[in-house]
Amino acid sequence: MLKLSIWDWLSIVFLAATIITALMILAVFVNPYAVYNPFPPLPPDVAARLTASPTPYILPPTWTPPGQNSAPQTTLAPSSTLPPTMTSFVLPTSTPTFTATPTDTLTPTPSLTFTATLTPTRTRTPKPTVDKTATAAASATQAAQTAEAQTQTAQASVTP
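It should be emphasised that the depicted structure is a prediction, and the values quoted were computed from it without experimental measurement.

To continue, consider the overall build of the protein chain. Looking only at helices and strands, one finds three helices and zero strands in the protein chain. Traced from its N-terminal end to its C-terminal end, the protein chain shows the element sequence α-α-α. By the burial criterion, 1% of the 160 residues in the protein chain qualify as buried. Roughly 17,300 Å² of accessible area belongs to the protein chain as shown, and the carbon and sulfur atoms make up 67% of that amount.

Below is the structure:
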């Protein structure tokens, strides 16, 4: 038989709680006067007694008791607003001027990382020969080999 872990039991509990909550919400939706509804509507007899009352458009004046700091206020006569007048002004103008914009320059930044520098190694270089006949023979052999290689290349490019 399969053994259930704690997570399996918690999943079952939460699934059951979700189903019960959904059923209670559905029951309150069907019958809003249910006992377990936390916000039931007013009973029909109370709702019928409540009627809308008219709201006055102008509020009544308030009464302020006369005190030592109250001074008689004079009502000012209404006056008309002055008509607009021509006002002289100068529109600001701007002349574009050239401004040098600094450009980015590459500046070496010192760093603490070390890089390996390769040191040159000695290589053997052939020494020139003093014997002219050996040099002439070597150059003739090299010329013959070069001509033969050129001929083979030309033949290979002609044949498909």
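Now that the structure has been shown, we can carry on.
Once that is clear, we can look at the side chain of Asn-37. For Asn-37, the location among the structural elements is in the loop between α1 (6-30) and α2 (44-49). A relative accessible area of 11% means that Asn-37 is categorised as buried. In contact with Asn-37, not counting residues within four places along its chain, are Val-28 and Pro-32.

Glancing now at the confidence of the model for the protein chain. Of the residues in the protein chain, 72% reach a pLDDT of 70 or more, and the chain-wide mean stands at 76. Within the protein chain, α1 carries the highest mean pLDDT (96), whereas α2 carries the lowest (71).

Another aspect to go through is a nonpolar patch on the surface. Together, Leu-15, Ile-19, Leu-23, Leu-26, Phe-29 and Val-30 line one region of the surface with nonpolar side chains, adding up to about 690 Å² of accessible area. Summarising the element assignment, Leu-23 is placed in helix α1. Since its relative accessible area comes to 54%, Leu-23 is described here as exposed.

Cut-offs used in this document
- Residues numbered from 1 in each chain as written.
- Predicted model: local features only at pLDDT ≥ 70, side-chain atom pairs only at ≥ 80, totals over all residues.
- Heavy atoms only, no water.
- Helix = DSSP H or I, 4+ residues; strand = E, 2+ residues; numbered from the N terminus.
- Buried < 20%, exposed > 50% of the residue type's maximum accessible area, 1.4 Å probe, protein only.
- Areas by Shrake-Rupley, 256 points an atom, 1.4 Å probe, with all protein chains shown as cover.
- Contact = heavy atoms within 4.5 Å.
- pLDDT = per-residue confidence, 0-100.
- Patch = residues over 30% accessible without salt bridge, like charges linked within 9 Å, V, L, I, M, F, W, Y side chains within 5 Å.
- Salt bridge = Lys/Arg side-chain N within 4 Å of Asp/Glu carboxyl O.

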